[in-house]
Amino acid sequence: MIRVGFRCDAGGRGGVGHLVRCVALAEELRARGVEVVFLGEVRGSTWARAQLRERALPLVPAPGEPARLAALARELRLDAAVLDSYDLPEGTGAALRGAGLTVLAIVDGDPLGQEADLYLDQNLGAERRPFPVPTRRLAGARYVLLRDSVRGLGRARPAGPLPRVLCFFGGTDSAGVAPAWAGALLAAGVPFEATVVSPTPFEAGGPIAVIPPTDRLPELMAGADLVVTAAGSAVWELLHLGVPTALTWVADNQLIGYEELVGRGVAAGLGRAADAAAAGVLARLLTDPAVREEHGRRGRGLVDGKGRERVADALLRSDPR
């Protein structure tokens, strides 16, 4: 039986996006009879840990030093490794390849010096951008990794008289921006109902309910008239569902995706600050259903939900070194 290890961490400063997309690929591989194990740490996010526990995906602590990680991979009899982290030492991929594993590196533009047999950059427009490594790359929205809980959903339009807004910033809101964007929604000065997802409770007031991270997030996305979020991995789920989205960015590595999505008109751009200009954009989206639905229409179809199948095909066809 083929065994694949996923080297990623979640929680705190790094958020949970790396874990979520690795979980999606793990679901696909396990459905094909592949054994999977996660190598790393999950800190500061009960929700993120539950993603592994509820799927019975084992988590093994991973050493940071590449040679020790390669030794662990041999001990676990791994055939392949998936790397998804901005913080791994550059020699990690090389050490795993030297130990006989096929290595897939999931990247967001810059591979950060990581050596791999196969690279995946699922960002919109990645196929048009130059890549510094002359090796095989799966690039663009054809390869977006979506979880089962998203692939099985369709858009569920709300029936209420007011636009329903969902606001969230990853599983940990590592930048702590949820309160500011709740304030921007209120500053829009128009009627709406909203749910803000935040791991840290706060009082937003008015028509805003604040809830902790939840497994119901895909359903909440599918049932929203507008989602306010950052240009992270959840954007691909929103594109798949065709939900109108207004974007900001909370980390520098999200800026490329933000500019691509807003430039194509598949999402509205709010800028980085939850200021008066952003409140004005939100006011227009909340009062003009045609404007916001046009964003959803343009995004719908860019992510067909079969990306993880294409990635699994490519990984399993690769010959271990």
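Everything here concerns the structure above.
Residues numbered from 1 in each chain as written. Predicted model: local features only at pLDDT ≥ 70, side-chain atom pairs only at ≥ 80, totals over all residues. Heavy atoms only, no water.

Undergrad: Just checking my understanding: could you explain the side chain of Glu27 for this structure?
TA: Tracing the backbone shows Glu27 in helix 1 (residues 17–31). With relative accessibility at 12%, the residue Glu27 sits in the buried group. Here Glu27 is in contact with Arg55, Leu146, Arg147, Asp148 and Arg308, once residues within four sequence places are set aside. (Helix = DSSP H or I, 4+ residues; strand = E, 2+ residues; numbered from the N terminus. Buried < 20%, exposed > 50% of the residue type's maximum accessible area, 1.4 Å probe, protein only. Contact = heavy atoms within 4.5 Å.)

Undergrad: I tried to follow the nonpolar core on my own but got confused; where do I start?
TA: In a soluble, globular protein the nonpolar side chains are often hidden away together inside. With 34 residues, the main nonpolar core has Phe6, Leu25, Leu29, Phe38 and Val82 as its most contacted residues. Taken together, the elements giving at least two residues each to this core come down to strand 1 (3–7), helix 1, strand 2 (35–39), helix 2 (46–53), strand 4 (80–83), strand 5 (102–106), strand 6 (118–121) and helix 12 (307–317). Broken down by element, the residue count for this core peaks at eight residues, all from helix 1. Of all hydrophobic cores here, the second largest spans 29 residues; its members include Val177, Leu226, Ala268 and Ala278. (Core = buried A, V, L, I, M, F, W, Y, C linked by side-chain atoms within 4.5 Å.)

Undergrad: I tried to follow unusual backbone geometry on my own but got confused; where do I start?
TA: A negative phi angle is the norm for most residues apart from glycine, just as the trans form is the norm for most peptide bonds. The phi dihedral of Ala56 falls on the positive side, at around 55 degrees, and the residue is not glycine. Tracing the sequence through the fold places Ala56 in the loop between helix 2 and strand 3 (59–60). Look at Ala56 and you get exposed, because its relative accessible area is 57%.

Undergrad: Looking at this structure, I do not really get the pattern of salt bridges. What am I missing?
TA: Note that side chains of opposite charge can pair when their charged atoms are close. If you walk through the whole model with that rule in mind, you get 26 salt bridges. Of the charged contacts, one joins Glu309 and Arg151 as a salt bridge, the two residues approaching to 2.9 Å between their closest N and O atoms. Taken together, the residues Glu309 in helix 12 and Arg151 in helix 5 (residues 148–151) connect sequence positions 158 residues apart. Since its relative accessible area comes to 27%, Arg151 is described here as partly exposed. When the shortest N-O distance is used, the salt bridge between Glu260 and Arg264 registers 3.0 Å. For Glu260, a relative accessible area of 13% gives the class buried. What makes Arg264 partly exposed here is its relative accessible area of 32%. Taken together, the salt bridges that share partners define one network made up of Glu27, Glu28, Arg32, Arg55, Asp148, Arg151, Arg308, Glu309 and Asp313. (Salt bridge = Lys/Arg side-chain N within 4 Å of Asp/Glu carboxyl O.)

Undergrad: What am I meant to see in the sheet that holds strand 9 (residues 193–197) here?
TA: Backbone hydrogen bonds are what pair the strands of a sheet, in a parallel or an antiparallel way. Across the sheet, which stays open at both edges, the six strands sit in the order 10-9-8-11-12-13 with parallel pairing between neighbours. Both edges of this open sheet fall to strand 10 (208–211) and strand 13 (268–269), since each of them pairs with a single strand only. Pairing analysis gives three bridges linking strand 8 (residues 164–167) to strand 11 (residues 226–230), with the strands arranged parallel. Paired with Val165 across the bridge in strand 11 is Leu226. Lying over the sheet, helix 6 (residues 178–187) contacts strand 8, strand 9, strand 10, strand 11 and strand 12 (245–248), oriented at roughly 170 degrees with respect to strand 9. (Pairing = 2+ DSSP bridges. Axes fitted to C-alpha atoms, helices over the stretch in contact; angles between N-to-C directions.)

Undergrad: So what exactly am I meant to see when it comes to empty space enclosed by the protein here?
TA: Following the criterion strictly, the structure yields four cavities of 30 Å³ or more and no others. Taken together, 15 residues make up the lining of the largest cavity; nearest its centre are Ser85, Ile106, Val107, Pro111 and Gln114. Elements represented by at least two residues in the lining of the largest cavity include exactly helix 1 and strand 5. When the residues that make up the lining of the largest cavity are grouped by side-chain class, the tally is eight nonpolar, three polar and four charged. Size it by volume and the second largest cavity reaches roughly 60 Å³. (1 Å grid on protein atoms, 1.4 Å probe; cavity = no way out; pocket = protein on both sides within 12 Å on 5 of 7 lines; lining within 4 Å. Points joined across faces, edges and corners; volume = space filled by probe spheres on them. Nonpolar A, V, L, I, M, F, W, Y, C, P; charged D, E, K, R; others polar.)

Undergrad: Honestly, the packing of helix 1 against helix 12 in this entry has me stumped. Any pointers?
TA: In the contact formed by helix 1 and helix 12, the axes pass within 9 Å of each other and the chain directions differ by 65 degrees. Between helix 1 and helix 12, the crossing angle belongs to the class labelled roughly perpendicular. Pair helix 1 / helix 12 crosses with right-handed handedness. Contacts between helix 1 and helix 12 pair Ala24, Leu25, Glu27, Glu28 and Leu29 from the former with Arg308, Glu309, Val311, Ala312, Leu315 and Leu316 from the latter. Looking at the contact of helix 1 with helix 12, its residues break down into seven nonpolar, no polar and four charged. (Parallel < 35°, antiparallel > 145°, perpendicular 65-115°, else oblique. Left-handed = near helix turned anticlockwise from the far one by under 90°.)

Any functional reading would require information beyond the geometric quantities listed.
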